[in-house]
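Notes for the structure review
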Amino acid sequence: MTNQKVIISDRKPILGSKTITVSVSNSPLFSSPPTYFTFPRRKFLELLEAADNKNKNNNLGAGKIASWVDSMRDSSPTRLRSSSHDSDSDKEDKTSWIVRFPSALNMFDEIMNAAKGKQIVMFLDYDGTLSPIVEDPDKAYITHEMREVVKDVALNFPTAIVTGRSIDKVRAFVKLNEIYYAGSHGMDIEGPTNENSYCESNQGVLFQPAREFVPMIEKVVKILEEKTKCIPGAMVENNKFCLSVHFRRVDEKRWAALAEQVKSVLLDYPKLKLTQGRKVLEIRPTIKWDKGQALNFLLRSLGFENSENVVPVYIGDDRTDEDAFKVLREKGQGFGILVSKIPKETNASYSLQDPSQVNEFLKRLVEWKRETVGEELNKYHINNT
């Protein structure tokens, strides 16, 4: 088959669609008008990428870009249909998912029973977990109520915020000194800057495994800022040890162009890799470090590396949080809680729908701790009278 043109259908994708329609023309094997074929979506993208890999002169193959755009759509909340239009199959899938990953609020007593007599350590993502996902990433403010409950959590348990943001940015949002901050997907870790019962005062910087990449990141930020000027709504954010290209405000028709611009820049930087989060493309050093590694590092720093008396609880909404969920699942210790309103594959054990439910879970956690301490004090007085 030679000189044929393959055209992907430009119909808007539908949530749950598992197929892609293509037309093939300009080939002696096909008559006019073009012949249309329908392929499984995943299989079609695999075929495109395989074809691109064979073409050594095409470093930015259509399959790779198409695969990225498809993934970008999947992570986009604007693509979701309202529940009133959900098919019976969709509702069955959601019910099945809830059974597999039940609400952490509904299962609160079960979670706390497993934590009785042990030290809980809290790990919290920021965007989409403590703050809502908003159009302008610079305005992802935490509410006063959420700030107060996180402060209460930190006064009762060792607590860390693990985020893709820079530490300076997330600290400016959170404004708490009682917690650990792990910015840049865990590549920049600082301890609390005030004295508390879990660490010494004024710890400051604990770990920065990607320090050597800072000049490279700064250079790529400037290049991408220039390259993406032609794409309205695109925003490049310097997270110090990594960078983000936000497409929350980019028209979906321009996503392919944006993905191509980003990938074209990275061709000159083989020590950087491209990953994806919720409406954001992430560029990170290729070192073996992620939120899961950061979780392990913090547990080790707190003296809980080999302890059986610790229960790490990680709450997050993003694909990058899956690295931490996976660590907990492999350890068989602690719990991952995914924040999501829609079913998705995850290594977490439980789910919450949005930051308001995260707030409720954290408040109940603090109340549980206070009640537990009260019970222990009562037992102590009874045993000593």
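Just so it is clear, the structure is predicted and the values come from calculations on it, not from any experiment.

Next up on the list: the overall build of the chain. Secondary structure assignment for the chain yields 11 helices and 15 strands. A burial count over the chain gives 47% of its 385 residues as buried. Approximately 19900 Å² of the chain is accessible, and the part contributed by carbon and sulfur atoms is 48%.

Moving on: the confidence of the model for the chain. Model confidence for the chain is summarised by a mean pLDDT of 82, while 72% of its residues fall at 70 or above. Note on residues 1–21: pLDDT is under 50 here. Beyond four places in sequence and across chains, it has 54 contacts. Low pLDDT (under 50) marks residues 23–36, which in the prediction has 32 contacts with non-local residues, meaning those over four places away or in another chain.

When you tally the buried positions in strand S14 (residues 335–339), you get 5 out of 5 residues, the bulk of the element. Side chains Phe335, Ile337 and Val339 project from S14 onto one buried face, and the interleaved Gly336 and Leu338 project onto a second face that is buried too. Sheet topology places strand S13 (residues 310–316) next to S14; 4 bridges connect them, and they run parallel. Across the sheet, residue Gly316 finds its bridge partner in S14, namely Leu338. Pairing geometry for S14 and strand S15 (residues 350–352), over 3 bridges, is parallel.

A few words now on helix H8 (residues 255–266). Taking 1.5 Å per residue, 12 residues should reach 16 Å; H8 reaches 17 Å between its end C-alpha atoms and fits that length. Turning to H8, its buried residues are Trp255, Leu258, Ala259, Val262, Lys263, Val265 and Leu266. Buried positions in H8, seen along its axis, are confined to an arc of 160° and lie on one side of it.

Conventions adopted
- Residues take numbers from 1 onward in each chain, read along the sequence in its written order.
- Only residues with pLDDT of 70 or above have their local features reported here, since the model is predicted, and side-chain atom pairs are shown and tallied only from 80 upward, although totals for entire chains, interfaces and linings are computed over all residues.
- Values shown for side chains rest on all heavy atoms present in the structure; no hydrogens or waters enter the calculation.
- Helix and strand definitions here come from DSSP, where helices need a minimum of 4 consecutive H or I residues and strands a minimum of 2 consecutive E residues; each element is numbered from the N-terminal end.
- The classification of residues rests on relative accessible area computed with a 1.4 Å probe and restricted to protein chains. Under 20% of the type maximum is buried, over 50% is exposed, and intermediate values are partly exposed.
- Each accessible area is a Shrake-Rupley result for a 1.4 Å probe, and residues are judged covered by the shown protein chains and nothing else.
- Confidence of the prediction at every residue is given by pLDDT, a number between 0 and 100.
- We call two residues in contact whenever any of their non-hydrogen atoms come within 4.5 Å of each other.
- Paired strands are those between which DSSP finds at least two bridges.
- In a helix, the anticipated span is given by 1.5 Å times the number of residues less one.
- It is the directions from the helix axis to the C-beta atoms whose arc is reported.

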